[in-house]
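Per-entry structural report
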Amino acid sequence: MSPSPLRMVQWGTKHPHAAGWLSVMLDNPDVEVVGVYEDDADRRQELEASGDGPWNQAVWLDDLGAVLEDTSIDAVAAEGDNSENLQQGEAVISSGRNLLLDKPAGHDLPRWERVLESAAEQDLYIQLGYMFRHHDGYQRIANWARGGLLGDIFAIRAHMSTYVEPSTHTLLCSFAGGVFYDLCGHVLDQIVWTLGRPDQVTPFMQRVRPESGFVDNGVAVLEYPGALAIVDIAGLEVPTRPRRYEVYGSRGWAIMEPMEPAQTVRLSLDAARDGFLEGEQTMTLEARPRYVASLEAFVRTLRGEQAPERSLEHERVVQETVMRATGAID
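Residues numbered from 1 in each chain as written. Predicted model: local features only at pLDDT ≥ 70, side-chain atom pairs only at ≥ 80, totals over all residues. Heavy atoms only, no water.

1. Digging into the overall build of the protein
Under the convention used in this document: Secondary structure follows DSSP: runs of H or I at least 4 residues long count as helices, runs of E at least 2 residues long count as strands, and numbering of each begins at the N terminus. Computation of the radius of gyration draws on C-alpha atoms, with the globule rule given as 2.2 Å multiplied by the number of residues to the power 0.38. Accessible area is worked out with a 1.4 Å probe on protein chains only. A residue is then buried under 20% of its type maximum, exposed over 50%, and partly exposed in between. Note on definitions: a residue-residue contact is assigned when non-hydrogen atoms from the two residues lie within 4.5 Å. Methods summary: accessible areas were calculated by the Shrake-Rupley approach with a probe of 1.4 Å, and residue burial reflects only the protein chains presented. When charges are counted, neither His nor the chain ends are considered; positive counts come from Lys and Arg and negative counts from Asp and Glu. Where a charge lies is defined by one atom per residue type: Lys uses NZ, Arg uses CZ, Asp uses CG and Glu uses CD.
Of the regular secondary structure elements, the protein holds 9 helices and 13 strands. In summary, the protein has a C-alpha radius of gyration of 20 Å against a globular reference of 20 Å for 330 residues, a match within 12%. In terms of overall dimensions, the protein has a C-alpha envelope of 60 × 60 × 40 Å along the principal axes. Scored against the burial criterion, the 330 residues of the protein give a buried share of 52%. Considering only intrachain contacts with a sequence separation of at least 6, the fraction spanning at least 24 residues in the protein is 70%. Carbon and sulfur atoms provide 47% of the accessible area of the protein, an area that totals close to 14100 Å². Separation between the mean location of the 28 positive side-chain charges and that of the 51 negative ones in the protein comes to 5 Å.

2. Description of the pattern of salt bridges
Definition in use: A carboxyl oxygen of Asp or Glu within 4 Å of a side-chain nitrogen of Lys or Arg is what we treat as a salt bridge.
Counted according to the given criterion, the structure contains 26 salt bridges. A salt bridge links Asp 136 to Arg 288, with the shortest nitrogen-to-oxygen separation between them at 3.4 Å. Residue Asp 136 is located in helix 6 (residues 136–147), and its partner Arg 288 is located in the loop between strand 13 (279–284) and helix 8 (292–302); the two are separated by 152 residues in the primary sequence. For Arg 290, the salt bridge identified is with Glu 260, shortest N-O distance 2.7 Å. One end of the pair, Arg 290, is in the loop between strand 13 and helix 8; the other, Glu 260, is in the loop between strand 11 (252–256) and strand 12 (264–269), and 30 residues separate them in sequence.

3. Here we look at the packing of helix 7 (residues 179–195) against helix 9 (residues 312–326)
To keep it simple, the criterion reads: Between N-to-C directions, angles cover 0 to 180 degrees, with each direction set by a line fitted to C-alpha atoms, over the stretch in contact for helices. Note that the term roughly parallel is reserved for angles under 35 degrees, roughly antiparallel for angles over 145, roughly perpendicular for angles of 65 to 115, and oblique for everything else. Here a crossing is taken to be left-handed if its near helix is turned anticlockwise relative to the far helix by less than a right angle, and right-handed if that turn runs clockwise. Polar here means any residue other than Ala, Val, Leu, Ile, Met, Phe, Trp, Tyr, Cys and Pro, which are nonpolar, and Asp, Glu, Lys and Arg, which are charged; Gly is therefore polar.
Between helix 7 and helix 9, the shortest axis-to-axis distance is 9 Å and the interhelical angle comes to 130 degrees. One element, helix 7, and the other, helix 9, form an angle in the oblique class. As helix 7 packs across helix 9, the resulting crossing turns out to be right-handed. In this structure, helix 7 contributes Phe 180, Tyr 181, Cys 184, Gly 185, Leu 188, Asp 189, Val 192 and Trp 193 to the contact, and helix 9 contributes His 314, Val 317, Val 318, Thr 321, Val 322, Ala 325 and Thr 326. Residues belonging to the contact of helix 7 with helix 9 are distributed by class as follows: 10 nonpolar, 4 polar and 1 charged.

4. Topic: helix 5 (residues 109–122)
Count 3.6 residues to each turn of an α-helix, and residues three or four apart come out pointing the same way. Defined as follows: One fewer than the residue count of a helix, multiplied by 1.5 Å, yields its expected span. As used here, the arc belongs to the directions running from the helix axis to the C-beta atoms. Pairs of N or O atoms within 3.5 Å make up the polar contacts considered here, provided that, within protein, one atom can donate a hydrogen while the other can accept it, and that residues adjacent in sequence are counted only when both atoms are side-chain atoms.
Counted at 1.5 Å a residue, the expected span for helix 5 with its 14 residues is 20 Å, and the 20 Å between its end C-alpha atoms agrees. Taken residue by residue, helix 5 has Leu 109, Trp 112, Val 115, Leu 116 and Ala 119 as its buried positions. Around the axis of helix 5, the buried residues are gathered within 115 degrees of arc, so they sit on the same side. Residues of helix 5 that are buried in the fold lie against helix 4 (85–94), strand 4 (98–101), strand 5 (126–128) and helix 9. Among the residues of helix 5, the N-terminal cap falls to Asp 108, whose side-chain oxygen and the backbone nitrogen of Arg 111 are separated by 3.2 Å. Where helix 5 ends, the next residue or the one after it, Asp 123, has phi of about 60 degrees, a positive value.

5. With respect to helix 4
Three or more residues of helix 4 are buried, namely Asn 85, Leu 86, Gln 88, Gly 89, Val 92 and Ile 93. Angular distribution of buried residues about the axis of helix 4 spans 160 degrees; they occupy a single face of the element. Contacts made by the buried residues of helix 4 are with strand 1 (6–11), strand 3 (75–78), strand 4, helix 5 and strand 5. Remark: Gly 96 follows helix 4 within two positions and exhibits a positive phi of approximately 85 degrees.

6. Let's talk about the sheet that holds strand 10 (residues 244–249)
In plain terms, the rule: A pair of strands is treated as paired once DSSP finds two or more bridges between them.
Pairing is mixed across the open sheet formed by 8 strands, whose spatial order is 7-8-9-6-10-11-12-13. At either margin of the open sheet sits one strand with a lone partner, and together these are strand 7 (200–206) and strand 13. Within the sheet, the average angular offset between the axes of one strand and its neighbour, ignoring direction, is 10 degrees. Where strand 11 and strand 12 come together, 5 bridges link them in antiparallel fashion.

7. Let's talk about the sheet that holds strand 1
Strand order in the open sheet formed by 5 strands is 2-1-3-4-5, and the pairing between neighbours is parallel. Looking at which strands have only one partner, the edges of the open sheet turn out to be strand 2 (31–37) and strand 5. Averaged over all neighbouring strand pairs, the angle between strand axes comes to 20 degrees, with direction disregarded. Of the pairings in the sheet, the one linking strand 1 to strand 3 comprises 4 bridges and is parallel in character. Of the residues in strand 3, the one forming a bridge with Val 9 is Val 76. Set on the sheet, helix 5 makes contact with strand 4 and strand 5; between it and strand 5 the angle comes to about 140 degrees.

8. A short note on the nonpolar core
Inclusion rule: In plain words, nonpolar cores are sets of buried Ala, Val, Leu, Ile, Met, Phe, Trp, Tyr and Cys residues tied together by side-chain atoms within 4.5 Å.
In this structure, Met 8, Trp 112 and Tyr 245 are the most contacted members of the largest nonpolar core, which totals 94 residues. Counting residues per element, this core draws most heavily on helix 7, at 9 residues. When sequence neighbours within four positions are dropped, the list of residues in contact with Trp 112 reads Leu 86, Leu 101, Ala 105, Ile 126, Leu 128, Glu 315, Arg 316 and Gln 319.

9. Some details on the packing of helix 5 against helix 9
For the pair helix 5 and helix 9, the least separation of the axes is 10 Å and the interaxial angle reads 175 degrees. Viewed along their axes, helix 5 and helix 9 adopt a mutual orientation that is roughly antiparallel. Note on element contacts: helix 9 touches helix 5 through Leu 312, Glu 315, Arg 316, Gln 319, Glu 320 and Met 323, opposite Leu 109, Trp 112, Glu 113, Leu 116, Ala 119 and Ala 120. Looking at the contact of helix 5 with helix 9 residue by residue, the class counts come to 7 nonpolar, 1 polar and 4 charged.

10. What to know about the side chain of Glu 246
Inspection of the secondary structure assignment puts Glu 246 in strand 10. Among the polar contacts listed, one links the side chain of Glu 246 to the side chain of Arg 244, at a separation of 2.7 Å.

Take a look at the structure:
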């Protein structure tokens, strides 16, 4: 007999990934979407009136308190914007529910650490919505780097820029790092997974267009014993954007460009090993849809079918590194 579907609620609709996560939850036979709750009545009315998917498939919930008190709810996906998601996550964990929290984990590190401590005390699971954790290229490169194929890693470079109209993203003005804060977690998640917590993080944040009101051009340098990682993100880059990820080691290197849609990864080794050739070779990547595999992993973890892919301490260090990389904390 197959296990019953996980009963999940989505709280919030304003995160850029909110529609994507709701779509994959609705499509997953192992998830029963109980409904969607949106605090902002105007936002809810707008989505209901639009008739657009996936919102036209949503059951809209009116009483969040009743949802959080309902012990039949297994987990909540927190999909508020960057000013809302931490308080949402805190309330979910306080209610005793497991949490799927979209990135980044707010802008208050001590508060986030308290949420993680509370989750650990209650044996609850928290998974962050970093969409590259199941990306074919990132997974391959991380496995090569962590498994020793590339030798000792001495450098990582990540370029993940976008284009942001100055007048359309006033929320970015609220956070140290602006557009860098909004996007850097995706690649910092990968860097921390590969190299761990950096010893030193030095941010360089710049506002190229004064009218934007937020940092629109940023670089952070992460220092490790024997390695440097450099992340650069701007909100000024016109399409098509050459997002790129590079890892260099003493015995080889790997370069992926573009990141999405996934196409190829180049690998070069000093000698043939582990089924790979000496020298440079190019491998075709599987272009996986966002969120699907991450939701499947979330379900399997809650069912006890697999161990968590990231620890609560990893989620803490990633957020700490996000805050250090933007200059929000020393």
